[in-house]
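# Close look at the chain arrangement
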Amino acid sequence: MTDLETPVTAPRAPTLRRAAPALLGYAGVRALGLVVLAGWSAARGKSAYTLLTARWDSLWYARVAELGYGYQVRLPNGDVHSNLAFFPLLPWLERLLHALAPLSYADAGFTVSLLASLAACWGIFAVADFAYGPRVGVCAVLLWAVLPVGIVQSMAYSESLFTALAAWSLYAVLTGRWVTAGVLAALAGLTRPVGLAVVAAVWAAGVVSFVADRSGGARDRGADQPGGAHLDEHAPEAPSAARARRAQRPTGAPHTTRAPWVTTATAPPWRRLLGMLLAPVGAAAYVLWVGHRTGRGPLGYLDVQAGWRNGFDGGQAFARFVADKFTSFPSAAAGAGLVLGVALLLWLYVTGVRQRQPLPLLVYTGVVLALALCASSYFGSKPRLLMPAFPVLLPLARALARLRTSRSALVTAGVAVISAVYGAFWLNGSGPP
């Protein structure tokens, strides 16, 4: 049987056993980071657990969980920091866990983050495994674990929860589970403002699938091969081969669409439409509620963010921040590092485009990068704001997966040690706001 005659089967489920190597590797990296953090913090007379659960945004989330919304702080310069800036899903989960178990709100936040980080790794593995195979999936998870600010994955912050919801929503889109994708996208929209990226990915994939249906792109053209290798979309296929392949497709297996830049399993139109309609519900509901709560209408949430000096200026403030670094020699090195870091991100994204990553991943990553790099928010927080953009790591994961296992393990271990030391230094210093 030729490739073109291979039956189309349902996508293989990312079972826990299949993802176990990735999850165990992630647990090892995070354990190393926590041990180094504990030692570093003890040497400075600080509590590592307090740094993880009761500093910066963790306090705001815990206060929302305990007392609800309505708290604000007015700074001497006139800025107003309102807890309405913090989306509600993490506080809701903290409150639920506090009610079910003998945990403080801080403990509940840490527990939610711990479990969410594992769910995020499983989702990252599922996406990478679907696109390029299990070896790349493991490498993608390990690269996400050893990010310089990977310690945030263990904090009572919302990044891990959001990444988990985003990754599984993207996987659901890729495998044709549109209603699930829409529900998870809605939950992501209740977690962080960047939930817009997940909504955009679901909508982009949905629109392309409908366009492909109208243009005849939903014809049987064969399934993608393991490891990300695609069949030739333009290769001729004998009618008899097509009939045989359709007859051999298991009952209930999803049909595949081979539209440009997207590899997804499609579903009946009503399911796709329902998934698209559900996707923005979470973010829209919270933004409208904040507008009603503040009495400022649909733009009320933007006013709340303005009180924190958060906004979208196309990257002008960030560019000025980087340029200011070059005004003196000691800070010029930091400025050069920032320029190289941004250049690396853009290069990785362009590489993903050239490698024909599925459209939902490209759209999601592009929106996350744009919102993080082009926002006028606190510049020290940008590295952690970029953390959910895990598909940008896939080109590196593919390169790492091509190395021999011993060599890739050595490289990963070395980077993990550097990341653990940096995370401990960073969290005991300026840390994330």
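Just above, that's the structure.
## Describing the layout of surface pockets
Of the volumes computed, that of the largest pocket is approximately 1300 Å³. Among the elements of the structure, helix 3 (57-67), helix 9 (195-214), helix 12 (281-294), helix 13 (300-307), helix 16 (359-373) and helix 17 (382-386) are those that each provide at least two residues to the lining of the largest pocket. Of the residues assigned to the lining of the largest pocket, the class counts are 29 nonpolar, ten polar and four charged. If you add up the space inside the second largest pocket, you get close to 1100 Å³. Taken together, 38 residues form the lining of the second largest pocket, with Pro148, Gly341, Leu345, Pro383 and Leu386 sitting closest to its centre. For the lining of the second largest pocket, the elements supplying multiple residues, two or more each, are helix 6 (134-145), helix 14 (316-325), helix 15 (329-354), helix 17, helix 18 (394-401) and helix 19 (405-427). Top element by residues in the lining of the second largest pocket is helix 15. It accounts for nine residues. Here the residues of the lining of the second largest pocket sort into 31 nonpolar, five polar and two charged.

## Description of the nonpolar core
Side chains that are nonpolar tend, in soluble globular proteins, to be buried together. Counting residues in each nonpolar core, the largest one holds 108 residues, and the members touching the most others are Leu37, Trp144, Val152, Tyr286, Tyr364, Phe390 and Leu427. With twelve residues, helix 5 (residues 105-132) is the largest single contributor of residues to this core. Those residues in contact with tryptophan 144 that sit more than four places away from it in its chain are Tyr26, Ser117, Ala120, Cys121, Ile124, Gln153, Thr163, Met387, Phe390 and Leu393.

Rules used throughout
- Numbering of residues starts from 1 in every chain and runs along the sequence as written.
- Reporting of local features is limited, given that this is a predicted model, to residues whose pLDDT is at least 70; pairs of side-chain atoms are given and counted only at 80 or more, and all residues count toward the totals for whole chains, interfaces and linings.
- To get the side-chain values, all heavy atoms of the structure are used, and hydrogens and water are removed first.
- Points on a 1 Å grid over protein atoms alone make up a cavity when a 1.4 Å probe fits among them but cannot get out, and a pocket when they form an open set with protein on both sides within 12 Å along at least five of seven lines; lining residues each have an atom within 4 Å of a point.
- Grid points are joined across faces, edges and corners, and a volume is the space filled by probe spheres set on the points.
- Numbering of helices and strands runs from the N terminus, with a helix taken as a DSSP run of H or I at least four residues long and a strand as a DSSP run of E at least two residues long.
- Residue polarity follows a fixed list, in which Ala, Val, Leu, Ile, Met, Phe, Trp, Tyr, Cys and Pro are nonpolar, Asp, Glu, Lys and Arg are charged, and the others, Gly among them, are polar.
- Only buried Ala, Val, Leu, Ile, Met, Phe, Trp, Tyr and Cys residues count toward a nonpolar core, and they belong to the same one when joined by side-chain atoms within 4.5 Å.
- Accessible area is worked out with a 1.4 Å probe on protein chains only. A residue is then buried under 20% of its type maximum, exposed over 50%, and partly exposed in between.
- Throughout, a contact is declared for two residues whenever any of their heavy atoms are within 4.5 Å.

None of this, on its own, says anything about what the molecule does.
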